[in-house]
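A closer look at the structure
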Amino acid sequence: MSFTLPELPYSYDALAPYMSRETLEYHHDKHHLAYVTNGNNLLKGTEFEGKSLEEIVKGSYGKIPGLFNNAGQHYNHLHFWNWLKPNGGGAIPGELEKKIVEDLGSVEKFKEDFIQAGVTQFGSGWAWLALKDGKLIIDKTPNGESPLIKGATPLLGVDVWEHSYYIDYRNRRPDYLKAFVENLVNWDYVAELYSKAV
């Protein structure tokens, strides 16, 4: 299966002031496109041609670094655009909220720990809410890695590569993460992934 760049599910201006048109133009049209183009080139002639994206990500990890990096970032970004929405944040759908409280203490504690994971990810990478062995966990990964390669299901991820926030926030990564959690998260999409995973 070859990789294709998806359309954004909203206009380039829709996430302002928390994420600007300029950020989305660079991040989606240039960075994500590069992962798609490079990933397709590196996929050619490998055993992973014709496999699903998840199979490519899991199978190439530790074996074909270039393919993994681009496939991993393609996988992460396919979800990332859907984890964002205009007027996001707000209330978390019932079943998911109950599970967050049960496994992570409280919604507030989850938000603090999720933001902290993003703040403390050294260099480029991601912070995650994932489901592993029936329990919600918070995780962080370097570069294009995700909980998928650790046997977990990613439910929510935030990109902490500088291209995701530097135009809008410069070096204020904590402010970006707070804006993401409070004003951008598409909780309906997170809940949909959660219900598929359980």
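Above: the structure in question.
Residues numbered from 1 in each chain as written. Predicted model: local features only at pLDDT ≥ 70, side-chain atom pairs only at ≥ 80, totals over all residues. Heavy atoms only, no water.

Quick look at helix H3 (residues 65–83)
- For H3, which comprises 19 residues, the first-to-last C-alpha distance of 26 Å matches the rise-based estimate of 27 Å (1.5 Å per residue) to within 8%.
- Burial analysis of H3 places 14 of its 19 residues in the buried class, the great majority of the element. (Helix = DSSP H or I, 4+ residues; strand = E, 2+ residues; numbered from the N terminus. Expected span 1.5 Å × (residues − 1). Buried < 20%, exposed > 50% of the residue type's maximum accessible area, 1.4 Å probe, protein only.)

Some points on the side chain of His-77
- Here His-77 lies in helix H3.
- The exposure class of His-77 is buried, given its relative accessible area of 0%.
- A polar contact is formed between the side chain of His-77 and the side chain of Asp-159, at a distance of 3.1 Å. (Polar contact = N/O pair within 3.5 Å; in protein donor to acceptor, adjacent residues only side chain to side chain.)

Observations regarding the packing of aromatic side chains
- Under the criterion given, the structure shown has twelve aromatic pairs.
- With centroids separated by 5.4 Å and ring planes inclined at 20°, the aromatic side chains of Trp-126 and Trp-128 adopt a geometry described as stacked.
- Trp-128 sits in the buried class, given a relative accessible area of 0%.
- Through pairs of rings, three or more aromatic residues link up here, namely Phe-80, Trp-81, Trp-83, Phe-110, Phe-114, Trp-126, Trp-128, Phe-180 and Trp-187.
- Above the plane of the ring of Tyr-26 lies Lys-30, whose end atom (NZ or CZ) is 5.1 Å from the centre. (Phe/Tyr/Trp six-rings, centres within 6.5 Å; stacked < 30°, edge-to-face > 60°. Lys NZ or Arg CZ within 6 Å of the ring centre and 35° of its normal.)

Some words on the environment of His-27
- Within the fold, His-27 resides in helix H1 (residues 21–43).
- A sequence separation of 118 residues divides His-27 from Glu-145, and the C-alpha atoms of the two residues are 18 Å apart.
- Not counting residues within four places of it along the chain, the set of residues in contact with His-27 comprises His-32, His-77, Phe-80, Trp-81, Asp-159, His-163 and Ser-164.
- Within polar-contact distance, the side chain of His-27 engages the side chain of His-77 at 2.9 Å. (Contact = heavy atoms within 4.5 Å.)

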